Amino acid sequence: MVIEVEDKGRGIQAEHMEDLFKLGFSTKVGKKDRGYGLAIVQQAVEQLQGTIEVSSELKKGTVFTVFLPK
């Protein structure tokens, strides 16, 4: 099964791509309780023996693709 989630937002800067799934990572300065969502999603996908990929282009958007076994 493949699930794609896409937005047409501002995209993700290249230097942030490797940190996206780290627990607590956020680009939002000064805000508390941020940076848990993608880490939790990755853990859930891995528990289901799946994978998640990200592609992003600045000023065009981001696509998260989740691959889950049948």
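Heads up: these notes are all about the structure in this document.

**Digging into the overall build of the protein**
Across its full length, the protein holds 1 helix and 3 strands. When the helices and strands of the protein are placed in sequence order, the string is β-α-β-β. Considering the protein as a whole, with its 70 residues, one finds that 24% of them fall into the buried category. Across the protein, contacts joining residues at least 24 apart in sequence account for 49% of those joining residues at least 6 apart. Accessible area for the protein stands at about 5600 Å²; split by element, carbon and sulfur atoms hold 53% of it. Charged side chains in the protein number 10 positive and 10 negative. The centres of these two groups are separated by 8 Å.

**Concerning the environment of serine 56**
Note that serine 56 resides in strand E2 (residues 51–57). Serine 56 sits in the partly exposed class, given a relative accessible area of 27%. Polar contacts involving the side chain of serine 56 include one to the main-chain carbonyl oxygen of glycine 61, which spans 3.2 Å. Within the local environment of serine 56, its side chain forms a polar contact with the side chain of threonine 62, the two groups lying 2.8 Å apart.

Parameters and conventions
Counting restarts for each chain: residues are numbered from 1 in the order of the written sequence. In view of the model being predicted, local features appear only for residues whose pLDDT reaches at least 70, and side-chain atom pairs are presented and counted only at 80 or more, with totals across whole chains, interfaces and linings using the full set of residues. Side-chain measures were taken over the full set of non-hydrogen atoms in the model, leaving aside hydrogen atoms and water. Numbered from the N terminus, helices here are DSSP runs of H or I no shorter than four residues, and strands are runs of E no shorter than two. Relative accessibility decides the category of a residue: with a 1.4 Å probe and only protein chains considered, values under 20% of the type maximum give buried, values over 50% give exposed, and everything between is partly exposed. Throughout, a contact is declared for two residues whenever any of their heavy atoms are within 4.5 Å. Computed with a 1.4 Å probe, the accessible areas rest on the Shrake-Rupley method; for each residue, only the protein chains presented here act as cover. All tallies of charge rest on Lys and Arg as positive and Asp and Glu as negative; His and the ends of each chain are not included. All charge positions are set by atom: Lys at NZ, Arg at CZ, Asp at CG, Glu at CD. Two N or O atoms form a polar contact when they lie within 3.5 Å of each other; inside protein one atom must be a possible hydrogen donor and the other a possible acceptor, and for residues adjacent in sequence the pair counts only when both atoms belong to side chains.

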